[in-house]
Amino acid sequence: MPTSTLKAPQQLEWRLAEIPVSNAFQSYVGTYYYLRLPKPDSPLLRRVIAMATPSLDLLLNIGDTFVIETFGEAVKVDPGAWLVGPRPATAFVRREGELHLLGARFKHGTVSSL
């Protein structure tokens, strides 16, 4: 299982892990993931860039509320389960508290067949 632990300029430790997909779900799910970013000490660390993706994610927010901003649109994401995407443009995740997510990224085009 690939994992990353990186430290930002002010020693903000974050964790990202990709979790292998079982054979039963490999036709639909590209990857499972876990992401944890502790509560930021600095206002400069409250914005995270989320790259564009053609896929849908089933996202479980087990951290604090955050906002996903795209061009002229902002979506508040409270704790709980969300279906998000596709995201055709880069977005920004703005947060005040801890970002703590579990997710499943579906393979492109597979959700419509479910």
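The structure we're discussing is the one just above.
About the criteria used
- Residues numbered from 1 in each chain as written.
- Predicted model: local features only at pLDDT ≥ 70, side-chain atom pairs only at ≥ 80, totals over all residues.
- Heavy atoms only, no water.
- Patch = residues over 30% accessible without salt bridge, like charges linked within 9 Å, V, L, I, M, F, W, Y side chains within 5 Å.
- Areas by Shrake-Rupley, 256 points an atom, 1.4 Å probe, with all protein chains shown as cover.
- Salt bridge = Lys/Arg side-chain N within 4 Å of Asp/Glu carboxyl O.
- Helix = DSSP H or I, 4+ residues; strand = E, 2+ residues; numbered from the N terminus.
- Buried < 20%, exposed > 50% of the residue type's maximum accessible area, 1.4 Å probe, protein only.
- Contact = heavy atoms within 4.5 Å.
- Pairing = 2+ DSSP bridges.
- Axes fitted to C-alpha atoms, helices over the stretch in contact; angles between N-to-C directions.
- Polar contact = N/O pair within 3.5 Å; in protein donor to acceptor, adjacent residues only side chain to side chain.

## Structural notes on a nonpolar patch on the surface
The grouping of L60, I62 and L102 at the surface amounts to a nonpolar patch, some 220 Å² of accessible area in total. Its location among the elements puts L60 in strand β5 (residues 57-61).

## Examining the environment of G97
Within the secondary structure, G97 sits in the loop between β9 (91-95) and β10 (99-106). Of the residues examined, G97 reaches a relative accessible area of 8% and is grouped as buried. Separated by 60 residues in the primary sequence, G97 and L37 have C-alpha atoms spaced 8.8 Å apart. For G97, the contacting residues outside a window of four places in its chain are P38, K39, P40 and D64.

## Points about the pairing of β9
Along β9, the buried face is formed by A91, V93 and R95; none of F92 and R94, which line the opposite face, is buried. Two elements, strand β6 (residues 66-70) and β9, share four bridges in a ladder whose sense is antiparallel. Each residue of the ladder has a partner; that of E69, found in β9, is F92.

## Details of the sheet that holds β9
Within a beta sheet, neighbouring strands are joined by backbone hydrogen bonds and run either parallel or antiparallel to one another. Read from one edge of the open sheet, four strands run β4-β9-β6-β7, paired in antiparallel fashion. A single partner strand is all that each edge strand has here, and the edge strands are β4 (47-50) and β7 (73-77). Between one strand and the next, the sheet's axes are offset by a mean angle of 25°, whatever the strand orientation.

## A closer look at the pattern of salt bridges
Counted according to the given criterion, the structure contains four salt bridges. The residue R36 makes a salt bridge to E98 at a minimum N-O spacing of 3.0 Å. Remark: E98 occurs in the loop between β9 and β10 and R36 occurs in strand β3 (residues 29-37); sequence separation between them is 62 residues. Looking at R36, the relative accessible area reads 26%, which means it is partly exposed. Residue E98 is classed as partly exposed on the basis of its relative accessible area, which comes to 22%. The salt bridge involving K76 is made with D78; its shortest N-O contact spans 3.9 Å. The class for K76 is exposed, based on a relative accessible area of 51%. Taking relative accessible area as the criterion, D78 reaches 30% and is therefore assigned partly exposed.

## Brief notes about the side chain of T53
For T53, the location among the structural elements is in the loop between β4 and β5. Judged by relative accessible area, which is 8%, T53 ranks as buried. Of note is the side chain of T53, whose polar atom sits 3.3 Å from the backbone nitrogen of S55. Setting aside residues no more than four positions away along its own chain, T53 makes contact with P86, R87, P88 and R105.

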